[in-house]
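Each chain is listed here by its residues.
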Amino acid sequence: MHSKEQISHDDYQKTAEWLMSRTKHRPQVSIICGSGLGRLADSLSCRDQFSYSEIPGFPQSTVQGHAGCLVFGELKGRSCVCMQGRFHMYEGHSLLKTTFPIRVFKLMGVQTLVVTNAAGSLADHLHPGDIMIIKDHINIPGLAGLNPLHGPNDDKFGPRFPAMSSCYDRGLRSLALEVTKQLDIAGLVQEGVYAMVGGPNFETIAEARMLHRLGVDAVGMSTVPEVVVATHCGMQVFGLSLITNKVVKSYEDSDCVNHDGVLEVGRLRSETVQQLVTEVISRMEINNNIDRTSSAV
Ligand SMILES: O=P(O)(O)O[C@@H]1C[C@H](O)[C@@H](CO)O1
């Protein structure tokens, strides 16, 4: 547990200012690339990029398939910042540290967070290669008290007790469903509930059955802390899970999930995920009238 750890408003601000003094981009949208989905960042034009190791305060990515690079650029004229690699609790980072970039983005003026992840399917109708638009989540570590908002509340970012009942923006979800029809991928895409588990081990069969009974459609090891922190500071959120495997729910089933297989499905579907994310971002409404850093929150 890391309940004593604190990151001051000044620490977030220093990183935001460090980045803003090194790039001319003023992103409106931030994108977090899930396992195997880092190529999303390749579609940004006029790129400025920074390795996480050079950015003050940033943790380091340690997981294969997470490059550890922050990329600024434009997607169809929209200014974006893309995390090629995210931080997971199982890497040993505190939840506050895994979500450090979100508050930095907020201070830079970002209004929308797009999260992507690789996830295992518990639902009979979701197959490897399908895409799930996240309509809600179950925060398994959070229910047990592991929450990035644990500890003193920073009122400058948001309230002590933030609501989470509409954290996945309804308008962006319906826009995405529209876009899937135009891209002719509607057959691959459905809405569903994501659950975060702590990892790094994949689920036992009994755990998989429990999650299924709880109404979980897809399970992964990330995303929820980022969404909680983004919602707390008033960002709108759009989330996608790429289904990379079926979670084994039967003692008769000899299938066995592994990270290489997860990355492989990510590579195979990264172009489709990229198209969907690009179209949603290019068509979402953006408020261009915002303050950055000093008075952003
Ligand atoms: O960063 P994401 O959530 O996409 O990564 C998933 C969950 C684990 O980190 C890893 C398991 O293969 O992929």
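Quantities reported herein were computed from a predicted structural model and do not represent experimental measurements. The numbers attached to residues start from 1 for each chain and follow its sequence in the written order. Where totals are concerned, whole chains, interfaces and linings use all residues; where local detail is concerned, this predicted model gives features only for residues with pLDDT of at least 70, and gives and counts side-chain atom pairs only at 80 or more. Excluded from the side-chain calculations are hydrogens and water; all other atoms, namely the structure's heavy atoms, are used.

Caption draft 1: A look at the nonpolar core. We call a set of buried Ala, Val, Leu, Ile, Met, Phe, Trp, Tyr and Cys residues a nonpolar core when their side-chain atoms join them within 4.5 Å. Accessibility here uses a 1.4 Å probe with only protein chains present; expressed as a share of the type maximum, an area under 20% marks a residue as buried, one over 50% as exposed, and anything in between as partly exposed. Judged by nonpolar contacts, the single largest core of 47 residues is most densely connected at Tyr-12, Leu-19, Ile-55, Leu-70, Met-108 and Leu-113. Contacts are assigned to residue pairs that have any heavy atoms within 4.5 Å of one another. In this structure, Tyr-12 is in contact with Ile-7, Leu-96, Phe-100, Arg-103, Val-104, Leu-107 and Phe-157, ignoring residues within four places of it in sequence. Residues Cys-33, Leu-240, Val-265 and Met-284 belong to the second largest nonpolar core, which totals 31 residues.

Caption draft 2: How the structure looks around empty space enclosed by the protein. Cavities and pockets were defined on a 1 Å grid built from protein atoms only: a cavity is a group of points that admits a 1.4 Å probe but offers it no way out, a pocket is an open group of points flanked by protein on both sides within 12 Å along at least five of seven lines, and a lining residue is one with an atom within 4 Å of any such point. Grid points are joined across faces, edges and corners, and a volume is the space filled by probe spheres set on the points. Counted according to the given criterion, the structure contains one cavity of 30 Å³ or more. If you add up the space inside the largest cavity, you get close to 50 Å³. Lining the largest cavity we find Phe-87, His-88, Met-89, Leu-95, Thr-98, Thr-99, Met-221, Ser-222, Thr-223, Pro-225 and Glu-226. A run of H or I in DSSP becomes a helix once it reaches four residues, and a run of E becomes a strand once it reaches two; helices and strands are each numbered from the N terminus. Of all elements in the fold, only helix H2 (95-98) and helix H7 (224-232) reach the threshold of two or more residues within the lining of the largest cavity. For the lining of the largest cavity, the residue count by class is five nonpolar, five polar and one charged. Classification used: nonpolar for Ala, Val, Leu, Ile, Met, Phe, Trp, Tyr, Cys and Pro, charged for Asp, Glu, Lys and Arg, polar for all others including Gly.

Caption draft 3: Representation of the site of the ligand in the model. Whether a residue is near a molecule or strand depends on its heavy atoms: it is near if one of them lies within 4 Å of it. Taken together, 13 residues lie around the ligand, and Ser-35, His-88, Tyr-90, Ser-222 and His-259 are the ones closest in. Counting of polar contacts relies on pairs of N or O atoms within 3.5 Å, with two restrictions inside protein: one atom must be capable of donating a hydrogen and the other of accepting it, and residues adjacent in sequence are counted only when both atoms are side-chain atoms. Ser-35 has a polar side-chain atom sitting 2.7 Å from an oxygen atom of the ligand. Between the ligand and the protein, one listed contact pairs an oxygen atom with a side-chain N or O atom of Tyr-90 at 2.5 Å. Taking 340 Å² as the accessible area of the ligand by itself, protein coverage stands at 96%. Occupancy of a cavity or pocket is assigned to a molecule whenever over half of its atoms lie within 2 Å of that pocket's grid points. Because more than half of its atoms lie within 2 Å of the grid, the ligand is assigned to the largest pocket. Going through the elements one at a time, strand S5 (112-121) and helix H8 (259-283) are the ones with two or more residues in the shell around the ligand. Of the residues that constitute the shell around the ligand, the class distribution is five nonpolar, seven polar and one charged. The method behind every accessible area is Shrake-Rupley, applied with a 1.4 Å probe, and residues are considered shielded solely by the protein chains displayed.

Caption draft 4: Looking closely at the pattern of salt bridges. Here a salt bridge means any side-chain nitrogen of Lys or Arg lying within 4 Å of a carboxyl oxygen belonging to Asp or Glu. A full pass over the atoms with the stated rule returns six salt bridges. In this structure, the salt-bridge partner of Lys-76 is Glu-279, at a minimum N-O distance of 2.4 Å. Taken together, the positions of Lys-76 in the loop between strand S3 (69-75) and strand S4 (78-84) and Glu-279 in helix H8 put the pair 203 residues apart, joining distant regions of the chain. Judged by its relative accessible area of 55%, Lys-76 falls in the exposed class. Here Glu-226 makes a salt bridge to Arg-86, at a shortest N to O gap of 2.7 Å. Here Glu-226 is found in helix H7, whereas its partner Arg-86 is found in the loop between S4 and H2, with 140 residues between them in sequence. Classification of Glu-226 as buried rests on a relative accessible area of 4%. Residue Arg-86 is classed as buried on the basis of its relative accessible area, which comes to 1%.

In short, shape yes, function no, at least from these values alone.
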